[in-house]
Every structure is written in C-alpha cells, then in structure tokens.
Amino acid sequence: MQPIKNIKDIPEFDLLTGGSSVCAGCGPSMGLKLALKVLGPKTIIINSAGCMTLLPLFPNTPLKVSWIHNAIENAATTAAGARHGLDALGIKDMNVVVYAGDGATYDIGFASLSATAIKNERVIYICYNNQAYGNTGFQCTTATPYGSDTKTTPRGKENPIGNTTIHKDMLKLMGVHRVYCATASLAYPVDFLNKINKAKERDGFSYIELLGTCATGWNFDPRYTIKISRLAVRCGMWPLYEIDDRKLSLNKEFKELKPVDEYLQLQGRYKQLPPDGVIKLQSLVNEHWAELNEFNEKRYV
Amino acid sequence: MREEELSYKGIHGIPVILEPGNAARVDRSSWRLVRPVYNKDKCTMCKICYTYCPDSAIAWTKEGPVINLTSCKGCMICVEECPTNAMTQEKESS
Ligand SMILES: Cc1ncc(C[n+]2csc(CCOP(=O)(O)OP(=O)(O)O)c2C)c(N)n1
Ligand code: SF4
Ligand code: SF4
Ligand code: SF4
Ligand SMILES: [Mg+2]
C-alpha cells in the first residue's frame, strides 16, 4: 500500500462495527477501527485481557477479522506461535497483530514481548496505552504518568501527588531490541496509519504505541477524545517519534511546546494536582523533549 | 429468544458466532443523552467525522456522511471535531 497523504485517502471500509459494549468515545477501540483499515481482512488479532476484550461479547461481535482472546501475560508469544503456524501452512499474506493494553505490555506481559521482539518475529505489536489497568477499574501501571490519580495511587491529604512513580521509557526499551518502534496519536490518524503500513511491510517485529485516550479512566467528557489526544502531542506529553535500527526521528516538531497545564486541566485524573506537581511534570516533559531534539536523526539507543 | 433465531449455533456444545460483525445490529441508542444532527449545506465532505467515529456509526457515501442511530452512542466526537459545524447536537427527547 502507498503511504496515505491525507484523511480523505483513508480506506472507506470498516472491519470493526458498532454495537460493542466499550464506553462511548473509547479511544482504544477507535485506534483498532483505524488500524484495521490499513491491515485489511487478512489479519489475526491477538488481544491480551483488558478493555478491548469486551469488544466481542457472546453472542455478538463487532469484528470482521480473526481474534484470539489471550491471557494478559503472553500475547506476544501467542502471536509468534500463530506466525510459525502460518509459515508451516505456507500462508505468507496474513498480518499477525497484537492489540494489548499498557498493563499487559509494560508490566505483566513484558517478558514475552521482549523475547518475541529480540527474535525479530514477523509480528506487529500495537500497545494502546490508556495509562492504567482500565478494565479492572483504573489501577496504576508503570505507564501511568507522574501526578495521575488512580485507584491504587489516590490523591488525598497524605499523598497530594497521586502517582509518584515516573513511567517507564518504553520506546527506548523496545528500541534496544533493534526493532521498528513508533509512537502514535488518534489526533494524527494519517501519521498513525502510515506507521502501521510501514510495520506491515516489514519482515520482522514492529512495536507501535498509541496513546489510548480514555474518557472514563481519565475522567473527561468523551467529546474531547481527539482534542485531548492532540494536546498531548502539542504539550510534549506524547511526542510523535520513531526509532528504527536504533536511530531516532521526530515526526512532529514544534518550535515551542504548549504548557502541560492546558492538557492537565481538561482531565479529572489531574484535578487538584498541586502546583509543585505540575512544575515537576513540566520539567519531566521538558527533559524528554530536549533529549529527543538532541538525538533527532542520530543514533539514540 | 429461541436457539434457531440466534445468529450462532453450537459446535459440539460450544457456541460460536457465525456472522462476523453481527454486533452492528445491537441497539445502543439508549446510551445517548444527545444525538448528532447533520446539515448537508454546511458540509465540506472532509471525512473527519467518518474517520473519528469510534463506533463506526457514520457511513461514508457519495452524498457524504450518513449517521446510523442504532450504533451511535452519543459521544459527540463528530460534533466536536467537525470544522464547519455541519454536525450539531440535539437532546434526546426521553
Ligand atoms: C495475570 C493477570 N493478572 C490480572 C488480571 C486481571 N485483569 C484483567 S484485565 C486487566 C487490566 C489490563 O490492563 P491493560 O493491559 O492496561 O488493559 P486495559 O484494561 O487498560 O485496556 C487486569 C489487571 C489478569 N487477567 N491476569
Ligand atoms: S475504560 Fe477507557 S479504554 Fe476502557 S472501554 Fe472505557 S474508554 Fe475504552
Ligand atoms: S456521536 Fe459519537 S458515536 Fe455518534 S455518530 Fe458521532 S462520533 Fe459516532
Ligand atoms: S466533519 Fe463536518 S464537514 Fe467534515 S464530512 Fe463530517 S459533517 Fe461534513
Ligand atoms: Mg491500560
């Protein structure tokens, strides 16, 4: 497939219908709907237990592609197994795709992900990162940003910051596996789908991380799903970049970032984060942004 | 509902769904507090609403977007993102 130039070029078929029981305005399900436009019908999705597991709910399914419900620990190795099975059958034209949450990716399934990546199996791994264990009620993962209120890091008198841990730099971690890695945002669908397309055309492992904007967990009106996805990029909370063969490329460059406060104010999970927490979060963002700019178009990991 | 009316059948007692995408018939209209309303005169056919509808409740046709009020959950992303206000919102009556 040729790279997509603008929104009007995005294919006009849907392999994920409506009628499922995910929340209204769910970012991760929008991400899957969009990804399938490039992946096409010859796709097997391996899904680790999480919010997206609710998409097919017997006796109804919104899916028009194959789907494997998987344990949270090992979606990546199940995908490698599916690829080997297809190879044994001589089937070459199937996409094997993992669609997994951040809890499954950063925490519980990390060993299986790392093993599959380092062996460079022909698998596209998409992590939809809603920055918590969404399906079980929004507990903290190692993808949860500093300052976020979650079930296990509640903001209160004793702990005004909420989550005090700084999230894992997952792209860097995946970059050292020498595979194709990229971040993506729903507010930049052309960039997202071209990254899926790039991964599809590779003969090896790819890791794509989509910010899984989640109205329910982040506590905002679902109408702002795209607005918040866009602000995350504009504020530097979710920079768009790729690491390919250990080299970094920034995909969206800005002379100046917007202050993180603009992003935080729209979401209940950051409500009443005290000023020193906002300052700390801003300094973490500035540090990361400076690092990305320093290594842009250079060897990064 | 009787077994023969369902769109799935058992294989050795394990039920399977026979029709991919049968969820499209599930009615989610009761989830809505507001509904999107389309005004063709203001539409520039930019496809933004179609791209962003998470529930595939907007079909794209030669005449532009067509909203399916069975699947629409009333998230209002299409209304918020439409650049020309061709999508507006209206309260559900009941
Ligand atoms: C080993 C294991 N621990 C806990 C669970 C319970 N569990 C089911 S879904 C889920 C949340 C997964 O979070 P994430 O991967 O981020 O996906 P999300 O729910 O946010 O979409 C958890 C903890 C499980 N299924 N398996
Ligand atoms: S909690 Fe978030 S990720 Fe989970 S279904 Fe709802 S909107 Fe989607
Ligand atoms: S309100 Fe939401 S679900 Fe309904 S058509 Fe618009 S984007 Fe789709
Ligand atoms: S977003 Fe608005 S202008 Fe664009 S196609 Fe939809 S209704 Fe028309
Ligand atoms: Mg999650």
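This is a predicted model, so every value here is computed, not measured.

Asks: Is there a simple way to explain the overall build of chain B in this structure?
Replies: When its secondary structure is counted, chain B shows two helices and six strands. Its helices and strands in sequence order give chain B the pattern β-β-β-α-β-β-α-β, from N to C terminus. Out of the 94 residues belonging to chain B, those deemed buried represent 40%. Contacts spanning at least 24 positions in sequence make up 57% of the contacts within chain B whose residues lie at least 6 apart. In the form shown here, chain B has an accessible surface area of approximately 5500 Å², with 53% of it arising from carbon and sulfur atoms.

Asks: I keep staring at the site of ligand 2 and nothing clicks. Help me out?
Replies: Taken together, the neighbourhood of ligand 2 is formed by Val 22, Cys 23, Cys 26, Pro 28, Cys 51, Asn 130, Cys 214 and Thr 216 of chain A. Class assignment of the residues belonging to the shell around ligand 2 gives a composition of six nonpolar, two polar and no charged.

Asks: Would you mind going over the pattern of salt bridges with me for this structure?
Replies: It is possible for side chains bearing opposite charge to pair when their charged atoms get close. This structure, assessed with the given rule, holds 18 salt bridges over all chains. Here Asp 87 of chain A and Lys 92 of chain A are joined by a salt bridge, their closest N and O atoms 3.6 Å apart. Between Asp 191 of chain A and Lys 195 of chain A there is a salt bridge whose closest N-O contact spans 2.9 Å. Of the two residues, Asp 191 of chain A and Lys 195 of chain A both sit in helix H6 (residues 189–200), four residues apart, roughly one turn of that helix. Through salt bridges with shared partners, a single network forms among Asp 221 and Arg 223 of chain A together with Glu 80 of chain B.

Asks: Which parts of the structure should I look at to understand the confidence of the model for chain A?
Replies: Residues shown with low pLDDT carry predicted positions that ought not to be read at fine detail. For chain A, the average pLDDT comes to 98, and 100% of its residues sit at 70 or higher. No element of chain A has a lower mean pLDDT than strand S2 (residues 66–70) of chain A, at 96, and none a higher one than strand S4 (residues 124–129) of chain A, at 99.

Asks: Would you mind going over the coordination of the magnesium ion (ligand 5) with me for this structure?
Replies: As a benchmark, a tetrahedral metal site with four donors has ideal angles of 109.5 degrees, while an octahedral site with six donors has ideal angles of 90 or 180 degrees. Residue and element names in this part refer to chain A. For the magnesium ion (ligand 5), the full set of protein donor atoms is Asp 102 (OD), Asn 130 (OD1) and Ala 132 (O), at a range of 2.0 to 2.1 Å. As a motif over one chain, the donors of the magnesium ion (ligand 5) read D-x27-N-x1-A. Here the residue Asp 102 occupies a position in helix H3 (residues 102–108), and Asn 130 occupies one in the loop between S4 and helix H5 (170–175), the gap between them amounting to 28 residues. Taking the relative accessible area as the measure of exposure, Asn 130 reaches 3% and is therefore buried.

Asks: It is not clear to me how the interface of chain B and chain A should be interpreted in this structure. Could you clarify?
Replies: A common way to express how large an interface is: the accessible area buried when the components associate. The partner chain A presents 42 residues to the 35 residues of chain B that form the contact. In this assembly, chain B packs against chain A so that about 3000 Å² is buried in total across both faces, 55% of it on carbon and sulfur atoms. In terms of surface lost to chain A, no three residues of chain B exceed Tyr 50, Thr 51 and Tyr 52 of chain B, which account for 19% of the buried area on that side. Between chain B and chain A we count three salt bridges in total.

Asks: I would appreciate a short explanation of the nonpolar core in the present structure.
Replies: Within soluble globular proteins, side chains that are nonpolar generally end up buried alongside one another. Counting 104 residues, the largest nonpolar core has Leu 32, Tyr 125, Phe 192, Phe 205, Tyr 207 and Tyr 263 of chain A as its most contacted members. Ranked by residues supplied to this core, first place goes to helix H1 (residues 27–39) of chain A with seven residues. Here Tyr 263 of chain A is in contact with Gln 131, Leu 211, Trp 218, Ile 228, Leu 231, Ala 232, Cys 235, Met 237, Arg 269 and Tyr 270 of chain A, once residues within four sequence places are set aside. In terms of nonpolar packing, the next biggest core, distinct from the first, is built from 14 residues, Cys 53, Cys 72, Met 76 and Cys 82 of chain B among them.

Asks: Would you mind showing me how to read the packing of aromatic side chains here?
Replies: Taken as a whole and judged by the stated rule, the model has eight aromatic pairs over all chains. Ring geometry for Trp 218 of chain A against Phe 220 of chain A: centres 6.4 Å apart, planes inclined by 55 degrees, an arrangement best described as tilted. There is no split in this pair, since Trp 218 of chain A and Phe 220 of chain A are both buried. Plain terms: the ring middles of Tyr 263 of chain A and Tyr 270 of chain A are 6.4 Å apart, the flat faces sit at 50 degrees to each other, and that makes the pair tilted. Taking the relative accessible area as the measure of exposure, Tyr 263 of chain A reaches 2% and is therefore buried. Accessibility expressed as a relative area gives 4% for Tyr 270 of chain A, which makes it buried. Members of the aromatic cluster, each reached through a chain of ring pairs, are Tyr 125, Phe 205 and Tyr 207 of chain A. The side chain of Lys 33 of chain A reaches across the aromatic face of Tyr 50 of chain B, ending 5.6 Å from its centre.

Asks: Can you walk me through the side chain of Asn 197 of chain A in this structure?
Replies: All names here are of chain A. The residue Asn 197 is located in helix H6 in this model. By relative accessible area, which is 5% here, Asn 197 ends up buried. With residues near it in sequence (within four places) discarded, Asn 197 still touches Met 1, Gln 2, Pro 3 and Val 38.

Asks: What should I look at first to understand the packing of H1 of chain A against H6 of chain A in this one?
Replies: All names here are of chain A. The interhelical angle for the contact between H1 and H6, taken along N-to-C directions, is 50 degrees, at an axis separation of 9 Å. As summarised for this structure, H1 and H6 are arranged oblique, according to the angle between their axes. Here H1 and H6 pass one another in a crossing that is right-handed. Side by side, H1 and H6 meet where Gly 31, Leu 34, Ala 35, Val 38 and Leu 39 of the first sit next to Pro 189, Phe 192, Leu 193, Ile 196, Asn 197 and Lys 200 of the second.

Asks: Explain the site of ligand 3 here, please?
Replies: Taken together, Pro 36, Cys 53, Pro 54, Ile 58, Cys 72, Lys 73, Gly 74, Cys 75, Met 76 and Cys 78 of chain B make up all the residues around ligand 3. Per-class residue counts for the shell around ligand 3 are eight nonpolar, one polar and one charged.

Analysis parameters
Residues numbered from 1 in each chain as written. Chains lettered and ligands numbered in written order. Predicted model: local features only at pLDDT ≥ 70, side-chain atom pairs only at ≥ 80, totals over all residues. Heavy atoms only, no water. Helix = DSSP H or I, 4+ residues; strand = E, 2+ residues; numbered from the N terminus. Buried < 20%, exposed > 50% of the residue type's maximum accessible area, 1.4 Å probe, protein only. Contact = heavy atoms within 4.5 Å. Areas by Shrake-Rupley, 256 points an atom, 1.4 Å probe, with all protein chains shown as cover. Near = heavy atom within 4 Å. Nonpolar A, V, L, I, M, F, W, Y, C, P; charged D, E, K, R; others polar. Salt bridge = Lys/Arg side-chain N within 4 Å of Asp/Glu carboxyl O. pLDDT = per-residue confidence, 0-100. Donors = N, O, S within 2.8 Å, 3.2 Å for Na, K, Ca; no water. Buried area = accessible area lost by both parts, 1.4 Å probe. Core = buried A, V, L, I, M, F, W, Y, C linked by side-chain atoms within 4.5 Å. Phe/Tyr/Trp six-rings, centres within 6.5 Å; stacked < 30°, edge-to-face > 60°. Lys NZ or Arg CZ within 6 Å of the ring centre and 35° of its normal. Axes fitted to C-alpha atoms, helices over the stretch in contact; angles between N-to-C directions. Parallel < 35°, antiparallel > 145°, perpendicular 65-115°, else oblique. Left-handed = near helix turned anticlockwise from the far one by under 90°.

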